[in-house]
Amino acid sequence: GALEETHAILQRIRELVVQAASDTLTTDDRNKLQTEVDQLAKEIARIGETTEFNTKKLLDGSFAGNFQIGANAGQKIAVNINDMRAFALGVVGDAKLAGETATVSDGGDSNVDIADGTYTVSYNSSSSQYEMVDSNGSVVATSADGKAWSAASGDDTLTFINAVIDGTVTISGGTATATATVTNSGLEADSYTIKFSAGASTIVDSQGNVVAWSTDDMTFKDAKGNTVLTLGAAVTADRTFTVGGLDVTSSTAITTVDSAIDTVSTQRSNLGAVQNRLEHTINNLGTAAENLTAADSRIRDVDMAKEMMAFTRAQILAQSGVAMLAQANVRPQSVLQLLG
């Protein structure tokens, strides 16, 4: 039942992604579609986290066990259920760390070296620097650590408290606002807070659960030791961020959703096959139980037909013996009467 709902949600996500693929939609239209996809991804994650039977989680990838189908050792059927949460299905996006601000400082020549506008931040492996690039592809500022930025041409600077290593930076009136995008390696769609504690920072979800830990305030790992988030520089204060659903503007979004639907369909068919197999197993075990009961009855219980025959025979013999004894007693009496 849970997988059926997951399947239905994925179908809805596919509809939204197909709509978003049309260039007749505006940016605002796509943002509205993205909002619904984000919520649907959260619901897939919730279903995967909360679906359980007898306190055992079924869809979070942890269930792998056996059904005992016989009275003897080794008579089992193995059943494994893969991780059916949103991240495992590939319908979760990257982490977006927003709200980081900085002021553009002039170096003294009064020239505007970094103009107002929206810039894309990315890492250039050739120069080993982070670059702030405008819509024309021109580099307007560079940074070695993602925090301190210098104009590529001129003396303007800006410094963020936390590193901005990816995403976008919007500058308006000399104030820069960054929306950083960090690769998500395992977090489900939700709102999170990085709780800073030097050398012992944690990531907490919207329910207050700690989902990841870090010893260097940069690399965060889950309870299984898997890295879920890596920042370009260590955090130095609490930060909030969100993980949404699949990016509806991605060129591979439709293919990704199709793959997710196929994964869920395969899992549902596997469980259906096991269920059908178990029905035959139940019928077979019913026959075996009936035969065992019959065998046990022959060992433990009385054979009524045989015992009734023996009882009747014994009764006949007893009655015959009594009759013969009676006749034997009558004959001496008859002889004495004749002699008398």
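Everything numeric here is computed off the predicted structure, so don't read it as measured data.

## A look at the layout of surface pockets
Of the voids in this model, the largest pocket is the one considered here, and its volume is about 860 Å³. The set of elements that each furnish at least two residues to the lining of the largest pocket consists of helix H2 (27–50), helix H3 (86–89), strand S13 (190–195) and strand S15 (210–214). Tallying contributions element by element places H2 first for the lining of the largest pocket, with five residues. Per-class residue counts for the lining of the largest pocket are 11 nonpolar, eight polar and 11 charged. Considering only enclosed or pocket space, the second largest pocket measures out at about 630 Å³ in volume. Residue lining of the second largest pocket: 22 residues in total, with Leu58, Phe63, Phe67, Ile81 and Leu271 positioned closest to the centre. Looking at the lining of the second largest pocket, the elements with two or more residues in it are helix H1 (2–20), strand S3 (64–68) and helix H4 (253–300). It is H4 that contributes the most residues to the lining of the second largest pocket, six residues altogether.

## With respect to the nonpolar core
Ranked by size, the top nonpolar core spans 46 residues in total, and within it Leu10, Ile13, Leu229 and Phe241 carry the most contacts. Counting residues per element, this core draws most heavily on H1, at seven residues. If sequence neighbours within four positions are ignored, isoleucine 13 has contacts with Val37, Leu40, Ile44 and Val257.

## With respect to the pattern of salt bridges
For the structure on display, the rule yields 10 salt bridges. Between glutamate 15 and arginine 12 there is a salt bridge; the shortest N-O distance is 3.0 Å. Taken as a pair, glutamate 15 and arginine 12 lie in helix H1 at a separation of three residues, close to a single helical turn. Here the salt bridges share partners, and the residues they tie into one network are Glu49, Asp83, Arg85 and Glu188.

## Thoughts on the pairing of strand S11 (residues 167–172)
For strand S6 (residues 117–124) and S11, the ladder comprises five bridges, and the chain directions are antiparallel. Looking across to S11, one finds that valine 121 is bridged to glycine 167. Taken together, the five bridges between S11 and strand S12 (residues 175–182) define a ladder with antiparallel strand orientation. Looking across to S12, one finds that threonine 168 is bridged to threonine 179. Between the end of S11 and the start of S12, which pair antiparallel, lie two residues, with glycine 173 showing a positive phi angle near 65°.

Rules and cut-offs
- Per chain, residue numbering runs from 1 following the sequence as it is written.
- In keeping with the predicted nature of the model, local features appear solely for residues at pLDDT of at least 70, side-chain atom pairs appear and are counted solely at 80 or more, and the whole-chain, interface and lining totals rest on all residues.
- Values shown for side chains rest on all heavy atoms present in the structure; no hydrogens or waters enter the calculation.
- A 1.4 Å probe that fits but cannot get out identifies a cavity on a 1 Å grid over protein atoms alone, an open set with protein on both sides within 12 Å along at least five of seven lines counts as a pocket, and a residue lines either if it has an atom within 4 Å of a point.
- Grid points are joined across faces, edges and corners, and a volume is the space filled by probe spheres set on the points.
- In this description a helix means any DSSP run of H or I spanning at least four residues, a strand means any run of E spanning at least two, and both kinds are numbered starting from the N terminus.
- Note on residue categories: nonpolar means Ala, Val, Leu, Ile, Met, Phe, Trp, Tyr, Cys or Pro, charged means Asp, Glu, Lys or Arg, and polar means any other residue, Gly included.
- The definition of a nonpolar core used throughout is a set of buried Ala, Val, Leu, Ile, Met, Phe, Trp, Tyr and Cys residues joined through side-chain atoms within 4.5 Å.
- Relative accessibility under 20% of the residue-type maximum defines a buried residue, over 50% an exposed one, and the middle range a partly exposed one, all with a 1.4 Å probe and only protein chains included.
- Contact definition: two residues touch when any of their heavy atoms are within 4.5 Å.
- In the sections that follow, a salt bridge refers to a side-chain nitrogen of Lys or Arg positioned within 4 Å of a carboxyl oxygen of Asp or Glu.
- The pairing criterion for strands is at least two bridges between them, as found by DSSP.

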